[in-house]
Amino acid sequence: MPGPAPVDRDTAPHDPAGTRPAARLQFAAIPQARHWLLWAALLCVAVLALGLTAQLVPGGSAAELGVDQDLSQHHAALLTGVAMVLNVVFGPAAGVVLVAAVALYLWVVRRSLVKAVAFGLVACSGWVASEFFKLIIARQRPNPALLFDPLSPETGSNSFPSGHVSFAVALGFALYFLARGTRWSRITAVAAVLVALVVAWSRLYIGVHYPTDVAASFLAASAAVLLLAGLWNRFAPRILDRLPAAVPLRSTRS
């Protein structure tokens, strides 16, 4: 995939006449890949193809269930503790608190409302993508009755893709975008990948998703971030231009 365009600096909306009031919000660009719409569409097609294949191929889900069953027979206390913590941390309730806390820090401490909004949108885009594809595929979760040691039994047609993994991937993107250009960027990128992989493992370890569910989550969340970045960079400056001049928060720090 082509590298992102160098648009990670805060750039104020164009004002050739110099008439914009000093108290305007600065536009914070999100790193954007070239041909972002095409890449997002291709990733969405890949997610749908993976989901439909998993649904329609005879015996596909039964074969994948073998991975969950094997992990279920080899549970260890330490690994179980890690998996259950991740089950809570990357779940909807704790996830909302986490995203809100970082966004509040960006708004109140770093005094950048626009960055706070951009971070929240990117971080939550994974959830949106997972819910969108869940409605289309409607795949049943692994039957907990077929597991040796079901840790957190869940049922229902909401298995594909994993919301936990999709959120972990999107959150990793959001944190990397914040760290990009600093000495923390490489560490953040590596940590984001590792955390997303561990969360994916935890969903199989607990037995609430199939392998294709977690694999599709990486594709779905990446598609959502690509699409959001392109739309944000295209339309956010125009929206900020139309905000009342009395908006008091302007980003003064990088």
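Parameters at a glance
- Residues numbered from 1 in each chain as written.
- Predicted model: local features only at pLDDT ≥ 70, side-chain atom pairs only at ≥ 80, totals over all residues.
- Heavy atoms only, no water.
- Axes fitted to C-alpha atoms, helices over the stretch in contact; angles between N-to-C directions.
- Helix = DSSP H or I, 4+ residues; strand = E, 2+ residues; numbered from the N terminus.
- Parallel < 35°, antiparallel > 145°, perpendicular 65-115°, else oblique.
- Contact = heavy atoms within 4.5 Å.
- Nonpolar A, V, L, I, M, F, W, Y, C, P; charged D, E, K, R; others polar.
- Patch = residues over 30% accessible without salt bridge, like charges linked within 9 Å, V, L, I, M, F, W, Y side chains within 5 Å.
- Areas by Shrake-Rupley, 256 points an atom, 1.4 Å probe, with all protein chains shown as cover.
- Salt bridge = Lys/Arg side-chain N within 4 Å of Asp/Glu carboxyl O.
- Buried < 20%, exposed > 50% of the residue type's maximum accessible area, 1.4 Å probe, protein only.
- 1 Å grid on protein atoms, 1.4 Å probe; cavity = no way out; pocket = protein on both sides within 12 Å on 5 of 7 lines; lining within 4 Å.
- Points joined across faces, edges and corners; volume = space filled by probe spheres on them.
- Polar contact = N/O pair within 3.5 Å; in protein donor to acceptor, adjacent residues only side chain to side chain.
- Expected span 1.5 Å × (residues − 1).
- Arc of directions from axis to C-beta.
- Core = buried A, V, L, I, M, F, W, Y, C linked by side-chain atoms within 4.5 Å.
- Left-handed = near helix turned anticlockwise from the far one by under 90°.

Q: Mind showing me how you'd approach the packing of helix 3 (residues 77-89) against helix 7 (residues 185-206) here?
A: When two helices pack together, their arrangement is captured by the angle between the axes and the distance separating the axes. At their nearest, the axes of helix 3 and helix 7 sit 9 Å apart, and the two run at 110° to each other. Relative to helix 7, the element helix 3 lies roughly perpendicular. Residues Leu79, Thr80, Val82, Ala83, Met84, Leu86 and Asn87 of helix 3 touch helix 7, and the partners they reach there are Val198, Val199, Trp201, Ser202, Arg203, Tyr205 and Ile206. Here the contact of helix 3 with helix 7 is composed, by residue class, of 10 nonpolar, three polar and one charged.

Q: So what exactly am I meant to see when it comes to the environment of asparagine 143 here?
A: Examined against the element boundaries, asparagine 143 turns out to sit in the loop between helix 5 (113-137) and helix 6 (163-179). Between the C-alpha atoms of asparagine 143 and proline 153, which are 10 residues apart in sequence, the distance is 8.2 Å.

Q: How do you make sense of a nonpolar patch on the surface when you look at a structure like this?
A: Taken together, the side chains of Leu37, Leu227, Leu231, Phe235 and Ile239 define a hydrophobic patch exposed on the protein surface, amounting to about 440 Å² of accessible area. In terms of residue count, helix 8 (residues 211-242) provides more of the nonpolar patch than any other element does, four residues in total. Structurally, phenylalanine 235 can be placed in helix 8. Given a relative accessible area of 36%, phenylalanine 235 falls into the partly exposed group.

Q: What is the right way to look at unusual backbone geometry in this model?
A: Trans is the common state for peptide bonds, and a negative phi is the common state for residues other than glycine. Each neighbour pair has its own omega, and for phenylalanine 160 with proline 161 the value is -10°, a cis peptide bond. Looking at the element boundaries, proline 161 is found in the loop between helix 5 and helix 6. Although it is not a glycine, arginine 111 sits at a positive phi angle of roughly 50°. Inspection of the secondary structure assignment puts arginine 111 in the loop between helix 4 (92-109) and helix 5. Arginine 111 sits in the partly exposed class, given a relative accessible area of 37%.

Q: Help me understand empty space enclosed by the protein in this model?
A: By rolling a water-sized probe across the atoms, one finds the places where empty space is left. All chains considered together, the criterion is met by one cavity of 30 Å³ or more. In this structure, the largest cavity occupies an estimated 40 Å³ of space. In terms of lining residues, the largest cavity is bounded by Pro142, Pro144, Leu147, Pro150, Leu151, Ser152, Pro153, Glu154, Ile206, Gly207 and Val208. The residue makeup of the lining of the largest cavity, split by class, is eight nonpolar, two polar and one charged.

Q: Explanation requested: the side chain of serine 162 in the structure shown.
A: Along the chain, serine 162 falls in the loop between helix 5 and helix 6. Here serine 162 falls in the buried class, since its relative accessible area comes to 0%. Of note is the side chain of serine 162, whose polar atom sits 3.4 Å from the backbone nitrogen of histidine 164. At 3.1 Å, the side chain of serine 162 and the backbone nitrogen of valine 165 are in polar contact. Aside from chain neighbours lying at most four places away, what touches serine 162 is Ser130, Arg203, His209, Asp213, Val214 and Ser217.

Q: Looking at this structure, I do not really get helix 1 (residues 36-56). What am I missing?
A: An α-helical turn contains 3.6 residues, so any two residues separated by three or four positions project in the same direction. A rise of 1.5 Å per residue sets the reference length of helix 1, with its 21 residues, at 30 Å; its end C-alpha atoms lie 30 Å apart and thus fit the reference within 8%. All of the buried residues along helix 1 are Trp36, Ala40, Leu43, Val47, Gly51 and Ala54. Taken down its axis, helix 1 places every buried residue within 70° of arc, on the same side. Across from the buried face of helix 1, at angles greater than 90 degrees, the exposed residues are Leu37, Leu38, Val45 and Leu56. Contacts from the buried residues of helix 1 go to strand 4 (32-33), helix 2 (60-72), helix 5 and helix 8.

Q: Quick question: what am I supposed to make of the nonpolar core here?
A: Ile30, Phe90, Phe119, Val122 and Trp232 are the most contacted members of the largest nonpolar core, which has 37 residues in total. Elements with a contribution of two residues or more to this core: strand 3 (27-28), helix 4, helix 5, helix 6, helix 7 and helix 8. Excluding residues that lie within four positions of it along the chain, phenylalanine 90 makes contacts with Trp127, His164, Phe167, Ala168, Leu171, Val195 and Val199. Ala129, Ile137, Phe160 and Ala216 belong to the second largest nonpolar core, which has eight residues in total.

Q: Even after reading the chapter, I still don't get the packing of helix 1 against helix 5, so can you show me in this structure?
A: Two elements in contact, helix 1 and helix 5, have axes whose closest approach is 10 Å; the angle formed by their N-to-C orientations is 40°. Viewed along their axes, helix 1 and helix 5 adopt a mutual orientation that is oblique. Helix-helix and strand crossings are classified by hand; for helix 1 and helix 5 the assignment is right-handed. Residues Cys44, Val47, Leu48, Gly51, Leu52 and Gln55 of helix 1 form the contact with helix 5, whose participating residues are Phe133, Ile136 and Ile137.

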